[in-house]
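Structural features, examined
Chain by chain, the residues run as shown.
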Amino acid sequence: MAGRKIPLAVWNARAALLYSLGGWTILGGMLHYTMNRGGGKSGDASENESDPQAKAALKQEIYTRETALGFTVTTVITHRDVVPPITQLLRRMKSYFYPDDSPPSEN
């Protein structure tokens, strides 16, 4: 085997296969960990009760202005600070490569 040379295209194909297998394995493991990190769910707990983002406080912004005809227009904007799942995944991936001492929710 020491004297036999492997063609470059075959070597590249094997390296690409190994690289992609490792990448997909890591990504799948991270997704599995992220989706199942809460452990088992109890049967009587609703989905919103176990979700920490569902407990996030509502924020209201109230804007009032008066029109030229004397009417008062009040606009109420209600929102909650919810982080999209893709942002959570990207922050978790970043924390693997750039670890620091802050809590995982702030990475």
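Our structure is the block above this text.
Now for a description of the structure that goes with this document. Quantities reported herein were computed from a predicted structural model and do not represent experimental measurements.

As a further point, take the overall build of the chain. Scanning the chain from terminus to terminus reveals 3 helices and 2 strands. For the chain, the residues scored as buried account for 5% of the 107 residues in total. Relative to all contacts within the chain whose residues are 6 or more apart in sequence, the contacts with residues 24 or more apart total 29%. Summed over all atoms, the accessible surface of the chain reaches about 9,700 Å², with 61% contributed by carbon and sulfur.

Little of strand E1 (residues 58–66) sits out of view: just 0 of its 9 residues are buried. Examined bridge by bridge, E1 and strand E2 (residues 72–80) share 9 bridges and lie antiparallel to one another. In the strand pairing of E2, Glu-61 is matched with Ile-77. Between E1 and E2, which pair antiparallel and follow one another directly, the connecting turn spans 5 residues, one of which, Gly-70, has a positive phi of 95°.

The interhelical angle for the contact between helix H1 (residues 8–35) and helix H3 (residues 85–97), taken along N-to-C directions, is 120°, at an axis separation of 11 Å. Between H1 and H3, the crossing angle belongs to the class labelled oblique. Between H1 and H3 lies a crossing of right-handed hand. Where H1 abuts H3, its residues Met-30, Leu-31, Tyr-33 and Thr-34 lie against Leu-89, Arg-92, Met-93 and Tyr-96. Of the residues in the contact of H1 with H3, the class split is 6 nonpolar, 1 polar and 1 charged.

A contiguous nonpolar surface patch, about 410 Å² in accessible area, is contributed by Ile-6, Leu-8, Val-10 and Trp-11. With respect to the element layout, Leu-8 can be found in helix H1. Classification of Leu-8 as exposed rests on a relative accessible area of 61%.

Attention now moves to the environment of Arg-92. Within the secondary structure, Arg-92 is located in helix H3. For Arg-92, a relative accessible area of 18% corresponds to the buried category. Sequence separation between Arg-92 and Leu-31 is 61 residues, and the spatial gap between their C-alpha atoms is 10.0 Å. Leaving out residues up to four positions away in the same chain, Arg-92 has contacts with Met-30, Tyr-33, Thr-34 and Arg-37.

Moving on, we get to the environment of Met-30. When you line up the elements, Met-30 lands in helix H1. Along the sequence, Met-30 and Leu-89 sit 59 residues apart, while their C-alpha atoms lie 8.3 Å from each other. The residues touching Met-30, leaving out its near neighbours within four places in the chain, are Arg-92, Met-93 and Tyr-96.

Conventions adopted
- Residues numbered from 1 in each chain as written.
- Predicted model: local features only at pLDDT ≥ 70, side-chain atom pairs only at ≥ 80, totals over all residues.
- Heavy atoms only, no water.
- Helix = DSSP H or I, 4+ residues; strand = E, 2+ residues; numbered from the N terminus.
- Buried < 20%, exposed > 50% of the residue type's maximum accessible area, 1.4 Å probe, protein only.
- Contact = heavy atoms within 4.5 Å.
- Areas by Shrake-Rupley, 256 points an atom, 1.4 Å probe, with all protein chains shown as cover.
- Pairing = 2+ DSSP bridges.
- Axes fitted to C-alpha atoms, helices over the stretch in contact; angles between N-to-C directions.
- Parallel < 35°, antiparallel > 145°, perpendicular 65-115°, else oblique.
- Left-handed = near helix turned anticlockwise from the far one by under 90°.
- Nonpolar A, V, L, I, M, F, W, Y, C, P; charged D, E, K, R; others polar.
- Patch = residues over 30% accessible without salt bridge, like charges linked within 9 Å, V, L, I, M, F, W, Y side chains within 5 Å.
- Salt bridge = Lys/Arg side-chain N within 4 Å of Asp/Glu carboxyl O.

Read these as geometric descriptors, not functional statements.
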